[in-house]
Amino acid sequence: EIRARILSAFERAEVTEDDQRREALLTFVVVGGGPTGVEMAGAIAELARKVVVRDFRHFNAASARVVLVEAGNRILPTMPACLSAKAQRQLEGLGVEVLATAAVTHCDGEGVMLADGRHIGSACVLWAAGVMASKAAKWLGAAADRAGRTVVDERLNVPGHDNIFVIGDTAAVKNEDGRPVPGIAPAAKQMGEHAAHAIRALIADNPVEPFRYRHFG
Ligand SMILES: Cc1cc2nc3c(=O)[nH]c(=O)nc-3n(C[C@H](O)[C@H](O)[C@H](O)COP(=O)(O)OP(=O)(O)OC[C@H]3O[C@@H](n4cnc5c(N)ncnc54)[C@H](O)[C@@H]3O)c2cc1C
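Keep in mind it's a predicted model, so treat the numbers as computed, not measured.

What should I look at first to understand the side chain of Thr170 in this one?
Relative to the helices and strands, Thr170 resides in the loop between strand E10 (161-165) and strand E11 (171-172). We classify Thr170 as buried; its relative accessible area is 18%. Excluding its chain neighbours within four sequence positions, the residues that come into contact with Thr170 are Ala133, Ser134, Ala136, Arg149 and Thr150.

Okay, structure coming up:
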């Protein structure tokens, strides 16, 4: 769907007579400078500059504007600052405009509004500023964190309920060192494996080990 919309923005830009409209059609705004937004902005810039660059006659596709908007003071905020800087240089090398310390406050069919009052006209805005967990915490009447993830104990149980496990992206789990377990596929798989072992232990009346996340990089 995203690919189709991006390509159709180029095609609509080819047929429009309105310069302002063409500019908006050739401006792609990606909101959120996490891994998803960084990857998406880079992919759109490559598409414009390498894949479709010779396909249009009324404009130069390589001049398409790709803007990555990040509310924090750097992209990839969960990674070391040197990697953020390196990723920013690589994106800029691809022609992406990186706007840090720029929070989006409004988004509609005309583009996005930033907290400082700037408006970026765009017909194609991609939201990559985070996901919300399922409503499991609400259904269970359990505590949830800011993203709606169910807060679980060290065995991945809803506190006080050793027969209810919450695992994967929808669980808010802390590691031994108190740091949150990241919402990535290897963590979800390890939690699944842990829950399976825990259920077998419960059935056999054996003690259940606490969950320990192992980060393999
Ligand atoms: C854009 C993006 C890029 C990512 N890139 C990476 C990456 O490069 N590496 C990495 O390790 N991780 C990555 N992740 C994270 C990774 O996808 C998740 O951590 C992982 O999928 C979590 O697994 P899960 O089983 O908890 O949830 P999911 O994979 O989301 O599976 C949940 C399933 O439950 C279904 N479901 C939801 N609600 C209900 C319901 N009420 N009833 C029945 N079924 C329901 C959903 O349809 C879905 O199929 C990325 C995530 C996103 C969004």
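That shown, we press on.
Could you clarify how one ought to interpret helix H6 (residues 185-203) in this entry?
Every α-helical turn comprises 3.6 residues, leaving residues that sit three or four positions apart pointing alike. An ideal rise of 1.5 Å per residue puts 27 Å on 19 residues; H6 measures up with 27 Å between its terminal C-alpha atoms. Where H6 is concerned, the buried positions are Ala187, Gln190, Met191, His194, Ala195, Ala198 and Ala201. Looking straight down H6, one finds that the buried residues subtend no more than 140 degrees of arc, so they occupy a single side. Of the exposed residues in H6, the ones pointing more than 90 degrees away from its buried face are Ala185, Lys189, Glu193, Arg200 and Ile203. Looking at the buried side of H6, the elements it contacts are E10 and E11.

Just to check I follow, could you spell out the packing of aromatic side chains for this structure?
Two numbers describe a pair of aromatic rings. These are the distance of the centres and the angle of the planes. Following the criterion strictly, the structure yields four aromatic pairs and no others. Both rings, one in Phe10 and one in Phe56, keep their centres 5.7 Å apart while their planes meet at 20 degrees; by these two values the pair is stacked. Placement of Phe10 in helix H1 (residues 2-15) and of Phe56 in the loop between helix H3 (35-51) and strand E2 (65-69) is noted, with a sequence separation of 46 residues between them. Looking at Phe10, the relative accessible area reads 0%, which means it is buried. By relative accessible area, which is 15% here, Phe56 ends up buried. Arranged with centres 6.4 Å apart and planes meeting at 20 degrees, the rings of Phe10 and Phe59 form a pair that is stacked. A residue pair is termed long-range when its members are at least 10 positions apart, and Phe10 in helix H1 and Phe59 in the loop between H3 and E2 qualify at 49 residues. By the ring-pair criterion, three or more aromatic residues cluster together here, those being Phe10, Phe28, Phe56 and Phe59.

Sorry if this is basic, but what is going on with the sheet that holds strand E5 (residues 111-114) here?
In a beta sheet, neighbouring strands are held together by backbone hydrogen bonds and run either parallel or antiparallel to one another. What the three strands build is an open sheet, ordered E4-E5-E6; its pairing is antiparallel. The strands lining the two open edges of the sheet, one partner per strand, are strand E4 (104-108) and strand E6 (119-121). For this sheet, the mean angle separating the axes of adjacent strands, direction not counted, is 15 degrees.

Conventions adopted
Residues numbered from 1 in each chain as written. Predicted model: local features only at pLDDT ≥ 70, side-chain atom pairs only at ≥ 80, totals over all residues. Heavy atoms only, no water. Helix = DSSP H or I, 4+ residues; strand = E, 2+ residues; numbered from the N terminus. Buried < 20%, exposed > 50% of the residue type's maximum accessible area, 1.4 Å probe, protein only. Contact = heavy atoms within 4.5 Å. Expected span 1.5 Å × (residues − 1). Arc of directions from axis to C-beta. Phe/Tyr/Trp six-rings, centres within 6.5 Å; stacked < 30°, edge-to-face > 60°. Pairing = 2+ DSSP bridges. Axes fitted to C-alpha atoms, helices over the stretch in contact; angles between N-to-C directions.

Just geometry here; none of it tells us what the structure is for.
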